[in-house]
Structures are given as structure tokens and as C-alpha cells.
Amino acid sequence: MTTIYDVARRSGVSPATVSRVLSGRRNVDAELSEKVRAAVAELGYRPNGVARNLRKASTNLWAVVISDIENPFFTSLVRGLEDVAQTEGYHVVLCNSDEDAAKEAAYASAVLTEQMAGVVISPTSTAEGVQQLADAKIPMVLIDRRVDGVEADTVLVDNEHGATEGVKHLIDGGYQRIACITGPRRVSTAMDRLAGYRAALRTGGIRYNKDLVRHADFREAGGYAAMESLLELGEPPEALFAANNLMTVGALECLAKKALRAPDDIAVVGFDDIPWADLVVPSLTTVAQPTYELGRTAGLLLKDRIASPGRPPSTVTLRTELHIRATSAPRT
């Protein structure tokens, strides 16, 4: 079986240099790197990952645990994280908790069993896996949501400010009876966006009405059911703020099925941009998050945490941007 020493002899460098090249480190001369890679290809060498991990007590793998793999919000986020990981010589393993606490805990156990170098996680509402990882002191970064009682590096957006901007835009357009579909009560993101909705009403001199608020599950079906419930009110809303992209899609599906249109029958603003928001007719007004930057920032924080495990945890909060399109046109 070909060993790292065979590769070193063939390429005329030290075994340590071969190791640095194969781990993706960039502090090796380009000519030497090319010689090493040529020797690896010629000899058919494959690194012994098990032995390497035993020596290092960790792998060169980062886990990213997302709460819903069907949500396009996570696509760009994971890309941002992966770009940092590749630069630093790590590989990313994608895990989907599906908003299921048991699956999250199972993935947390796998991270520990496989001795992964670190984890970026979007917690479920109970955050069982997050607590498991925190107790094991694994390098960890939380994304999108806070977890009470857990001190960890965290990357968020200013959810309350983004929601306030979206609802204020509706108020400025002449809408008064504005509904809100938000997420589960135990999820910080949902409650922050609800707080932003309430703040905008307060500033606009509109009394908060709990009958116009629905808590759903951040999924299309939840958005559909919540919109249907709001339309059954004796006095339906004039406008809707939906607190994530999938619930916005569900609400729009409900309106379409009932032959209602935005903004003619009800204006709509959704939180999270959607790739096709500009393409649908009418185009969809959204509060956009810097998703790629969320992932990239999480990767940089994880890299720094691995290098300096004792430093105090930090929280980075990124800004949102309101993209005004046709579904929130002013009242006529």
C-alpha cells in the first residue's frame, strides 16, 4: 500500500510538505504542490483518514445542520460557509434536522462520534442538539436563531428592524388592517419578527390586534392554513406581513385558490427574498437577508473558534434590505 513517505520520496519533498498540500493549506510553494499532486496521481496514493483523525483527535470536516433543506434561504448560506471551509482546508457535511429535535440531537451525536472539527447549526425550537454540543465544548456557531442559556458564537440578521421596515412600508401605502403570519413561539426569529411588526404598528398609530396574528410552522402548508384562517375573519385583513419565504408562498397559494390577487385584494410583504420574486406576476415585495454573508461570517467565526477556543463568544448581526415590488403597491 502506497504511503505518504512514498509520495514524499517521489516528489522530492518532506512528508510534512506532502501533508500540508493534501490538507489544502496554501502556504506551500506552487511548484512543490504540483510535484506532490503529480506523485499522488502517479502512485495512486489515498490518505488514511482514520489514522489521520486518530492523530489529530478531530477530522477536517465541518457539519452544517440546517433546519429545513427545502428552504431556498439555506442554499446561498451554505455556499458562503463552504467557500470559507475550502479556503481553510475543511470539507462541509450537510445535515437536515427538518425542524425535528430528535434528528438534531442525532446529528449532534454524529458530530461528536465522528470527531468533526466544528459545527454550524440553525437550531430547532427545543435546541436539544445545541445543548449537547455546547456541553461537549465542540467548536460551534449558531446561525439564524439564538438559544437561551447557550453561550456560543452567533450570526443573525436584524430581524426586528427588517420586519418593522416591511410593515412600515405597508402603513405608508395606506394599509391599516395588517395581518402577520409568524413562526413558532419558541423560535427567537419568529418572535423578533413579530416584535418588529408590533413596533411598526405602534409607530404608525395602529392598535395591535391579536386576532390578526397567526403562529405557523415556517412551512408552506402552515402559511396556507394561516392565510385561510385570516380570510375567514368577519373583517379580513387589507395587507399581510409573512415572516418567512415558505409561509409567504403558502399564503399566496391560498389567495390564488380563492381567486384573490395581491395587491388588489390584499397587499403582501414577505420576509426572506425568493429567487423568483422578480419573475412572478405581480412581483413579490420582500425583506431580503444577506444569506451568502450569513454563511461566510459563520465560517470565519468557526475558523477563529477552532484556532482560539478560549476567546469570548461573539454575536454578529447583519442588516436586511427591503425590496419593494408590485404586491405591496399603495392602496388606490
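The preceding data block contains the structure.
Residues numbered from 1 in each chain as written. Predicted model: local features only at pLDDT ≥ 70, side-chain atom pairs only at ≥ 80, totals over all residues. Heavy atoms only, no water.

**Some details on a nonpolar patch on the surface**
Counted only if it meets this: Candidates for patches are residues over 30% relative accessible area with no salt bridge; among them, like charges are joined within 9 Å and nonpolar side chains (Val, Leu, Ile, Met, Phe, Trp, Tyr) within 5 Å. Accessible surface is estimated by sampling points in the Shrake-Rupley manner with a 1.4 Å probe; for residues, cover comes only from the protein chains shown. Each salt bridge in this description consists of a side-chain nitrogen of Lys or Arg and a carboxyl oxygen of Asp or Glu lying within 4 Å of one another. Every helix listed is a DSSP run of H or I at least four residues long, and every strand listed is a run of E at least two residues long, numbered separately from the N terminus. Note on exposure labels: buried denotes an accessible area under 20% of the residue type's maximum, exposed denotes more than 50%, and partly exposed covers the range between, all computed with a 1.4 Å probe on protein chains only.
There is a patch of nonpolar side chains on the surface, built from Trp276, Leu279 and Val280 and spanning about 280 Å² of accessible area. Among the secondary structure elements, tryptophan 276 is positioned in the loop between β9 (267–271) and β10 (285–288). A relative accessible area of 33% places tryptophan 276 in the partly exposed class.

**Considering the pattern of salt bridges**
Scanning the model with the defined rule gives 20 salt bridges in all. A salt bridge links aspartate 83 to arginine 79, with the shortest nitrogen-to-oxygen separation between them at 3.2 Å. Taken together, the positions of aspartate 83 and arginine 79, both in helix α5 (residues 73–87) and four residues apart, correspond to about one turn of that helix. Residue arginine 311 pairs with aspartate 153 through a salt bridge whose shortest N-O separation is 3.2 Å.

**Considerations on helix α7 (residues 128–135)**
Within an α-helix, residues lying three or four positions from one another point in the same direction, as the helix has 3.6 residues per turn. Defined as follows: Throughout, the arc means the angular range of directions from the helix axis out to the C-beta atoms. Any pair of residues with heavy atoms lying within 4.5 Å of one another is described as a contacting pair.
Those residues of α7 that fall on the buried side of the exposure criterion are Gly129, Val130 and Leu133. Across the axial projection of α7, the buried residues extend over an arc of 100°, all falling on one side. Looking at the buried side of α7, the elements it contacts are α6 (101–113), β3 (118–121) and β4 (140–143). Lysine 137, located one to two residues past α7, shows a positive phi value of around 60°.

In short, geometric facts, not functional conclusions.
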